[in-house]
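# Descriptive analysis of the structure
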Amino acid sequence: MFRPIEIAIGLRYTRAKRRNHFISFISLASMLGIAIGVTALITVISVMNGFEQELRARILGMVAHATISGAGEDLQDWPRAVELAKSDARVLGAAPYVERESLLQAGRSQGALLRGVDPSREPEVSEIAELMKEGALTDLEPGAFRVLVGADLALYLGVGVGDSITVMVPEFRSTPVGVAPQMRRFTVAGIFSAGMQEYDRQLAIIHMQDAQRLLRLGEGVTGVRLKLTDMMQGWQVARDLTDKLDRYYRIRDWSADHSNFFRAIQMEKTVMFIILSLIVGVAAFNLVSSLVMLVTDKQADIAILRTLGMSPRSIMGLFVVQGSLIGVVGVLLGLIGGVSLTLNLDHVVKAIETTFGFEVMPADVYYITGLPTDLRGDDVGLIVGVALVMSMIATLYPAWRASRTEPAAALRYE
């Protein structure tokens, strides 16, 4: 027998050929409960991470990482701002843009954000060119007055490629009959689909020079959009660039417009983590009951060990070892199951869809096919750590109760 003796006897109790053969049914149930809880936690959190990553990619496909715009006025010296941005190693691309709220009419009326872009520069900061379902970004030519609309917006207005749309902007001009809003007829040159209703229903894209003429901006633009090597540095990079310019500017990063959205996702992850952790907690309570039953069954053995000189602390350590072993095995099984299920979730979902004949994630409803997953080591480590701590805590009371056993009382009827 090796030292320390607490580990030796604890492992012996675990391997012993008792009436229950390996462990009691309750111990097995608690082990499986811990494994199922850890598996569920890893899988669900990974799926939520996958959805967050997918939605972030879709949003950032249409939104720049950071923008620099004029403070209360149009940005006139945008070529210098673009040049300074491209000289920064943290900036991957920079492109000017013009943006105004507008009203689109074609049978029906719909408010939309009108964005003027430079087709030669826009691919540096967004993925609009890759999201085209019909037409192409390069179809926008200066003076042609063509427009690209989102798929939902085109469906609502009842237009397709080649149809006309009247665009009205809140810029007023004097006419013989009074003041009238600025308007222009545009031809639909393409339809894009970003997979987000915010953009597919409420965004229209035209050439930057057409937007400047429509809004009478001259050579000015609304601002400059930036794409960075690290999107988390959006605010800092934009501020560093504006410090090099000689006027006041307004800066925003991608999180400013969607901070509540991603905060809600993070809150949902936290709540789901707490709820699913209760599964592990229930299994830990089962572990308490199984160890209490084991302590009761081993009263005589505990008394003999006490008479041989083993201290109450060592008795307590003995049962902590046995309970911890059950918890560790359950956590390891859950870790293996959770990682395996997460990595093969697409195959599992396809098998379920084939077997039962329905779609888990209909593409026309969720815009996403399959369940996206993102297995992160820090999340897995946190889940494993919480499960191990719960298992360790569950062993303390039964082990303490065993250490309080009186040898004389336990051996009285032996």
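Predicted model, so just to flag it, every value in this text is computed and none were measured.

### What to know about the packing of helix α10 (residues 312-343) against helix α13 (residues 377-403)
The contact between α10 and α13 brings their axes to 8 Å, and the two run at 150°. By the angle between their axes, α10 is roughly antiparallel relative to α13. Viewed along their axes, α10 and α13 form a crossing whose handedness is right-handed. Where α10 approaches α13, its residues Pro312, Ile315, Met316, Phe319, Val320, Gly323, Ser324, Gly327, Val328, Val331 and Leu335 are matched on the opposing element by Val380, Val384, Ala387, Leu388, Ser391, Met392, Thr395, Leu396, Ala399, Trp400, Ala402 and Ser403.

### Quick notes on the packing of aromatic side chains
For the structure shown, the criterion picks out two aromatic pairs. Ring centres of Phe145 and Phe186 lie 5.4 Å apart, and the angle between their planes is 70°; this geometry places the pair in the edge-to-face category. Of the two residues, Phe145 sits in the loop between β4 (132-134) and β5 (146-150) while Phe186 sits in strand β7 (residues 178-192), which places them 41 residues apart along the sequence. Here Phe145 matches Phe186 in class, with each residue buried. Between the NZ or CZ atom of Arg108 and the centre of the ring of Tyr156, over which it lies, the distance is 4.7 Å. Its end group placed over the ring of Phe145, Arg184 keeps NZ or CZ at 3.8 Å from the ring centre.

### What about helix α11 (residues 345-356)?
Because an α-helix packs 3.6 residues into every turn, residues spaced three or four apart end up facing the same way. Under the 1.5 Å per step criterion, the end-to-end length of α11 is 16 Å for twelve residues, consistent within 8% with the ideal 16 Å. Taken from the residues just after α11, Gly357 is the one with a positive phi, measuring 70°.

### So, the side chain of Gln110
By the element assignment, Gln110 lies in strand β3 (residues 108-117). For Gln110, a relative accessible area of 15% puts it in the buried group. When residues no more than four places from it in sequence are discounted, the contact partners of Gln110 are Ser102, Leu103, Leu104, Leu153, Tyr156, Leu157 and Arg201.

### Here's the deal with the pairing of β5
By the criterion of burial, β5 is predominantly enclosed, with four of the five residues buried. Pairing analysis gives three bridges linking β5 to strand β8 (residues 203-207), with the strands arranged antiparallel. Its bridge partner being in β8, Val147 is matched across the sheet by Ile206.

### Examining unusual backbone geometry
We note that Phe145 has phi near 50°; this positive angle belongs to a residue other than glycine. Judged by relative accessible area, which is 6%, Phe145 ranks as buried.

### Section: the environment of Gly327
Considering the arrangement of structural elements, one finds Gly327 in helix α10. The exposure class of Gly327 is buried, given its relative accessible area of 0%. Note: C-alpha distance between Gly327 and Ser30 (297 residues apart in sequence) is 8.2 Å. Setting aside chain neighbours within four positions, we find Gly327 in contact with Ile34 and Ser391.

### Side note on the nonpolar core
Ranked by size, the top nonpolar core spans 46 residues in total, and within it Leu104, Val149, Ile165, Val167, Val224 and Leu226 carry the most contacts. Apart from the residues lying within four places of it in its own chain, the contact partners of Val224 are Ala66, Thr67, Ile68, Leu75, Trp78, Ala81, Val82, Ala94, Ala95, Pro96 and Tyr97. Counting residues in each nonpolar core, the second largest holds 23 residues, with Ile59, Leu60, Leu148 and Ile265 among its members.

Cut-offs used in this document
- Residues numbered from 1 in each chain as written.
- Predicted model: local features only at pLDDT ≥ 70, side-chain atom pairs only at ≥ 80, totals over all residues.
- Heavy atoms only, no water.
- Axes fitted to C-alpha atoms, helices over the stretch in contact; angles between N-to-C directions.
- Helix = DSSP H or I, 4+ residues; strand = E, 2+ residues; numbered from the N terminus.
- Parallel < 35°, antiparallel > 145°, perpendicular 65-115°, else oblique.
- Left-handed = near helix turned anticlockwise from the far one by under 90°.
- Contact = heavy atoms within 4.5 Å.
- Phe/Tyr/Trp six-rings, centres within 6.5 Å; stacked < 30°, edge-to-face > 60°.
- Buried < 20%, exposed > 50% of the residue type's maximum accessible area, 1.4 Å probe, protein only.
- Lys NZ or Arg CZ within 6 Å of the ring centre and 35° of its normal.
- Expected span 1.5 Å × (residues − 1).
- Pairing = 2+ DSSP bridges.
- Core = buried A, V, L, I, M, F, W, Y, C linked by side-chain atoms within 4.5 Å.

Function-wise, these values are silent; they only describe arrangement.
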